[in-house]
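Structural description and commentary
Next come the chains, spelled out residue by residue.
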Amino acid sequence: MHRSVSNEAGNKNNNERLEFLGDAILGAVCASLLYQSFKDKAEGELAKIKAIVVSEDTLSVIALKLGIDQMLLLGKGEELSGGRRKKTILADAMEALIGAVYLDSGFKSAYDFVSECIQPEISKVTGANYHKDYKSILQEYCQREYRCYPEYRMVKRSGPEHERTFWMEVLIGKNVCGSGTGRNKKSAEQEAAKAAWDQLN
């Protein structure tokens, strides 16, 4: 397929429509693969895996592997600000490409294309050694569902300098949705994000 996915204003509306279509196909294919591959997992577990596999972080990595960054048509400002490496642009372009494959060649081709791209990511996410970045997962979820960012705040800390324990909580809007502890703020925030994600899903 010799089509470039453009971010120029003239093609913006078309790309957004393709992104909408590609996002729906991506979600359907991912859900189908998970349903078929993990017959022992409950709906909640499958939803968590799917959220990671179709996330901006994952899609942008796939886009780079496919060389989509080299096919983007960007405005001068976007080009100068490093648009070819921006996760949002890459992920959107990936969704638009999926939509274009569907329109060009039908659902079977789109299914095969998406399956080939995301099957390795599903294997990675479900592997025993995979470390989930719950802060990123929660942030993407909040942006998509609530149009806001989760906010972290320290409740308290205790212990000597070399053996500190931090208590953190995460807020979505004005609501505390999770809390966690850790040896540093980062690990405590991850625990809080995981608690919030589990509660939301």
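In what follows, the structure referred to is the one given above.
Keep in mind it's a predicted model, so treat the numbers as computed, not measured.

Residues Tyr 102, Leu 103 and Phe 107 make up a contiguous nonpolar surface patch of about 300 Å² in total accessible area. Looking at where Tyr 102 falls in the secondary structure, it is placed in helix H5 (residues 87-105).

Here H5 contains 19 residues, and its C-alpha end-to-end distance of 27 Å stays within 8% of the 27 Å for a straight helix at 1.5 Å per residue. All buried positions along H5 are accounted for by Ile 89, Leu 90, Ala 91, Ala 93, Met 94, Glu 95, Ala 96, Leu 97, Ile 98, Gly 99, Ala 100 and Val 101.

Time to look at the pairing of strand E2 (residues 165-172). It is a general feature of regular strands that their side chains alternate between the two faces of the sheet. Most of E2 is tucked away, with seven of its eight residues classed as buried. Judged from the seven bridges that link them, strand E1 (residues 151-158) and E2 form a sheet pairing that is antiparallel. Among the inter-strand pairings, Tyr 152 is bridged to a residue of E2, identified as Val 170. Looking at chain direction, E2 and strand E3 (residues 175-182) are connected through seven bridges and run antiparallel. What sits directly across from Leu 171, in E3, is Val 176.

Counting across every chain of the model gives 14 salt bridges. Put simply, Glu 121 and Lys 124 hold a salt bridge, and the shortest N to O gap is 3.3 Å. Here the residue Glu 121 and the residue Lys 124 both occupy positions in helix H6 (residues 107-125), the gap between them amounting to three residues, near one helical turn. Take Lys 124: its relative accessible area is 43%, and that puts it in the partly exposed class. Where Lys 194 meets Asp 198, a salt bridge forms, and the shortest distance between an N and an O atom there is 2.9 Å. Remark: Asp 198 and Lys 194 occur in helix H8 (residues 185-200); sequence separation between them is four residues, near one turn of the helix. When salt bridges with common partners are traced through the structure, they connect Lys 48, Lys 194 and Asp 198 into a single cluster.

Calculation notes
- Residues numbered from 1 in each chain as written.
- Predicted model: local features only at pLDDT ≥ 70, side-chain atom pairs only at ≥ 80, totals over all residues.
- Heavy atoms only, no water.
- Patch = residues over 30% accessible without salt bridge, like charges linked within 9 Å, V, L, I, M, F, W, Y side chains within 5 Å.
- Areas by Shrake-Rupley, 256 points an atom, 1.4 Å probe, with all protein chains shown as cover.
- Salt bridge = Lys/Arg side-chain N within 4 Å of Asp/Glu carboxyl O.
- Helix = DSSP H or I, 4+ residues; strand = E, 2+ residues; numbered from the N terminus.
- Expected span 1.5 Å × (residues − 1).
- Buried < 20%, exposed > 50% of the residue type's maximum accessible area, 1.4 Å probe, protein only.
- Pairing = 2+ DSSP bridges.

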